[in-house]
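Each chain, letter by letter, is given below.
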Amino acid sequence: VHLSYTEYTERVYNLYSAVYDFIFGPSLESGRKVAVDLLNPRPYERILEVGVGTGLSIPYFPRGTAVVGVDLSKKMLEVCERKLEKLGRSDVELHAMDATHLDFPEASFDGAIALYCMSCVEKPVQVLLEMKRVVRPGGRVVFMNHFQSQNRFFALLEKGISPLAKRLGFRTDLELPPLLRAAGMTAAEIRKADPFGLYKAVKGIV
Ligand SMILES: C[S@@+](CC[C@H](N)C(=O)[O-])C[C@H]1O[C@@H](n2cnc3c(N)ncnc32)[C@H](O)[C@@H]1O
């Protein structure tokens, strides 16, 4: 059977869900903290997280923040739901949704964030445009991801392994400047999300 990009991604993350926190929890933790700090969510705000996955970012949001998490994979969301119960976070609400078609009105959030998500979607530009659409004027859009290196040697390596990575549910050849340009965004701030700067957190103002 031929699966669309979205169907394939959903299946991959359904499979990952049971072991996701074990593999990608502590190993990718620093970026989540850096990116949520950059977003700086306040307890009275309404924040969208796209590709919330198993909700590993939730402890970084101050209690009382109205977080709305969406994800393609229902199994990832099930793990997230259990975590929310354990943490007593009734301030977080979850929806199964494709980030390329957000089912929210425009300007309905104070901010939107995507963590390790831009390299998992087929159309990262469209996801960014959707995040911008649902955030109010003056609100923040933050995304954190691995981006293709500026170093030519590493960039070649990243392009080389990207087809393999795609089978595993992500790509390694996403470039930041063209992404920003295509989404009509300028970075108000960029922070290194790990000691080597392999991952970056980017903030834009809507
Ligand atoms: C690498 S995981 C990151 C999860 C979480 N943000 C974290 O920090 O661990 C990528 C997540 O994006 C979700 N995803 C992929 N494509 C998506 C799409 N088009 N719309 C919504 N979620 C998507 C996947 O199901 C997965 O949960």
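Residues numbered from 1 in each chain as written. Predicted model: local features only at pLDDT ≥ 70, side-chain atom pairs only at ≥ 80, totals over all residues. Heavy atoms only, no water.

What follows covers the environment of Val-127. For Val-127, the position within the fold is in helix H5 (residues 124-134). Note on Val-127: relative accessible area 1%, which makes it buried. Separated by 26 residues in the primary sequence, Val-127 and His-101 have C-alpha atoms spaced 7.8 Å apart. (Helix = DSSP H or I, 4+ residues; strand = E, 2+ residues; numbered from the N terminus. Buried < 20%, exposed > 50% of the residue type's maximum accessible area, 1.4 Å probe, protein only.)

Here we take up the sheet that holds strand S1 (residues 46-50). Taking strand neighbours across the sheet as the criterion, the 7 strands line up as S3-S2-S1-S4-S5-S7-S6 in an open arrangement whose pairing is mixed. At either margin of the open sheet sits one strand with a lone partner, and together these are strand S3 (92-96) and strand S6 (189-192). Between one strand axis and the next, the sheet turns through 15° on average, direction left out of account. Judged from the 7 bridges that link them, strand S5 (residues 135-146) and strand S7 (residues 199-205) form a sheet pairing that is antiparallel. (Pairing = 2+ DSSP bridges. Axes fitted to C-alpha atoms, helices over the stretch in contact; angles between N-to-C directions.)

This paragraph deals with the packing of aromatic side chains. Ring pairs (aromatic) are described by centroid distance and by the angle formed between their planes. Tallied over the entire structure, the rule returns 7 aromatic pairs. Where Phe-104 meets Phe-109, the ring centres are 5.1 Å apart and the plane angle is 90°; that geometry is what we call edge-to-face. Classification of Phe-104 as buried rests on a relative accessible area of 11%. A residue is classified by how much of its surface remains accessible, and Phe-109, at 1% relative accessible area, is buried. Pairing Phe-143 with Phe-147 gives two aromatic rings, centres 6.1 Å apart and planes at 80°, and the pair type is edge-to-face. For the pair formed by Phe-143 and Phe-147, the shared burial category is buried. In this structure an aromatic cluster arises from ring pairing among Tyr-13, Tyr-16, Tyr-20 and Phe-24. Note that Arg-46 overlies the ring of Phe-109, its terminal NZ or CZ placed 4.3 Å from the centroid. (Phe/Tyr/Trp six-rings, centres within 6.5 Å; stacked < 30°, edge-to-face > 60°. Lys NZ or Arg CZ within 6 Å of the ring centre and 35° of its normal.)

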